Amino acid sequence: MTIFPRNRRRSAAASAAVALVALATLATLATTAAPASASASIPTAAVAATPSALALPRPTGPYATGRDALLLTDHARPDPWAPDAGPRRLSVTLHYPARPGTGGDPAPYLAVEEARLMLAQRGLDDPAWPGLVSAARTHARTAAAPAPGRFPLVVLSPGFGTPRATLTGLAEELASRGYVVASADHPYETTGMELPDGRVLPCAACDAVDAQPDEAGRRKVLAAVSTGRAADVSFLLDRLTGPRPAWRHARTIDPHRIGMAGHSIGGNAAASTMAADRRVDAGVNMDGMFFDPVSARGLGGRPFLMLGTEPGHGPGGGDATWDEGWTRLDGFKRWLTVRDSGHFTFTDTPEIGEQLGIVDPGAPLSAARSTTITRAYVTAFFDRSLRGRPARLLDGPSPAHPEVLFRRP
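Since we're looking at a predicted model, the values are computed, not measured.

Participant: Let's hear about the nonpolar core: which residues, and what values?
Facilitator: The biggest cluster of nonpolar side chains holds 39 residues, and the ones touching the most others in it are Val92, Leu153, Leu240, Trp247 and Phe304. With near-sequence residues (within four places) excluded, Leu153 lies in contact with Val180, Ala182, Leu237, Leu240, Ile253, Arg257, Ile258, Gly259 and Leu386. The next biggest cluster of nonpolar side chains, apart from the first, holds 30 residues, and it includes Val154, Leu167, Leu170 and Phe332.

Participant: Account for the pattern of salt bridges, with residues named and values stated.
Facilitator: In this structure the tally under the stated criterion is 20 salt bridges. Between Glu113 and Arg116 there is a salt bridge, with its nearest N and O atoms 2.7 Å apart. Here Glu113 pairs with Arg116, and both are found in helix H3 (residues 112-121), just 3 residues apart, close to one helical turn. Judged by its relative accessible area of 29%, Glu113 is partly exposed. The closest approach of N and O atoms between Arg164 and Asp185, which form a salt bridge, is 2.7 Å. Placement of the pair is Arg164 in the loop between strand S5 (151-157) and helix H5 (168-176) and Asp185 in strand S6 (residues 180-185), with a sequence separation of 21 residues. Asp185 sits in the buried class, given a relative accessible area of 2%. When salt bridges with common partners are traced through the structure, they connect Asp74, Arg77, Asp79, Arg88, Glu189, Arg229 and Asp232 into a single cluster.

Participant: Provide a residue-level description of unusual backbone geometry, including the pertinent values.
Facilitator: The bulk of non-glycine residues show a negative phi, and the bulk of peptide bonds are trans. Backbone torsion omega between Glu310 and Pro311 reads 10°, so that peptide bond is classified as cis. In this fold, Pro311 is placed in the loop between strand S11 (304-309) and helix H9 (320-328). The phi dihedral of Asp340 is positive, around 65°, even though this residue is not glycine. Mapped onto the elements of the fold, Asp340 is located in the loop between strand S12 (333-338) and helix H10 (349-356). Classification of Asp340 by relative accessible area gives partly exposed; the value is 43%.

Participant: Residues and numbers for the packing of aromatic side chains, please.
Facilitator: Across all of its chains, the model carries 8 aromatic pairs by this definition. What links up through ring pairs into an aromatic cluster is the set Phe290, Phe304, Trp322, Trp326 and Trp335. Its end group placed over the ring of Phe344, Arg122 keeps NZ or CZ at 5.3 Å from the ring centre. Lying across the ring of Tyr179, Arg387 places its NZ or CZ 4.2 Å from the centre.

Criteria and thresholds
Residues numbered from 1 in each chain as written. Predicted model: local features only at pLDDT ≥ 70, side-chain atom pairs only at ≥ 80, totals over all residues. Heavy atoms only, no water. Core = buried A, V, L, I, M, F, W, Y, C linked by side-chain atoms within 4.5 Å. Buried < 20%, exposed > 50% of the residue type's maximum accessible area, 1.4 Å probe, protein only. Contact = heavy atoms within 4.5 Å. Salt bridge = Lys/Arg side-chain N within 4 Å of Asp/Glu carboxyl O. Helix = DSSP H or I, 4+ residues; strand = E, 2+ residues; numbered from the N terminus. Phe/Tyr/Trp six-rings, centres within 6.5 Å; stacked < 30°, edge-to-face > 60°. Lys NZ or Arg CZ within 6 Å of the ring centre and 35° of its normal.

See below:
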């Protein structure tokens, strides 16, 4: 994936060329693990007005949504990427169905420094943008009282080098439809994770990938990322559903209905987690290569959704791990691809990027359609898998979503 700032001076754009190449390389690693040989061409354009405010699309479900945060420490496990830093920690955002009219203001999208580092990795160095992205309007209210009842839990895991905030739109949508959602930042695997004391953890895992001499070495490190995230999620489930839960509203979670979805390496981690932890009942991989292959033993008959780009993640489309993974999935399964999509289609990136005036010519699908498709199919899958509800959307092609192809190799 290559992105282009729309309507910016040539001098600013030219200074971003190296970082854009890095972004293309990262996207390549995340989807195909091809050698790092991407290049970017920067267009000449005029100066555009800076947008005054950014906003995520409003969730569509019947519930109001609340938001909480946890920093969890796994004292039994040193951090695999920074052993000298001590035990592994997870920064977690909880979205949940809430009582209407309760809670404070919606929380900021992410910390300013996290936004700056994420944008810088993409070659976007406008000094006004980190503040704009950080303050993007969300819809879940802090300290909101939970709605009565017990709800399925869905864990979300972001792409490699990408903060958990980029899955906020999906998290809010699921919460509005009656799910508790735990989105995790895996330390040293994102462009920057800010701790409560203000320290920002760098992407040591990115450095480990960059240090590899060849594709085989990079694949090995990325497989370790996926299996390491499986350990993270098992620890998270212990802390959310165990006898002494870390979250004050843990009683709202039904521990017998748990799903996991992830983007890119987070999608691979959904399969890795299901192979390692029987508590996860269903999984979704959004455009992630299976660096850690789907278990040859299958996933114990549990359902799995593969939702990816077209043609890159279609049968024979360049990522052979999806062809192999499909044959090993042994429960209800769907392989869907989306026309005109790109690697980041299934995140908040199209919504934020479109409002900033950024265009990806390789992924012309609009932000509105990207959001609608991702929300519709992920929610339908979890409704079927965790609630036993009919999900006709998963039965075959829909005239409401002509971009979505059902692949049956």
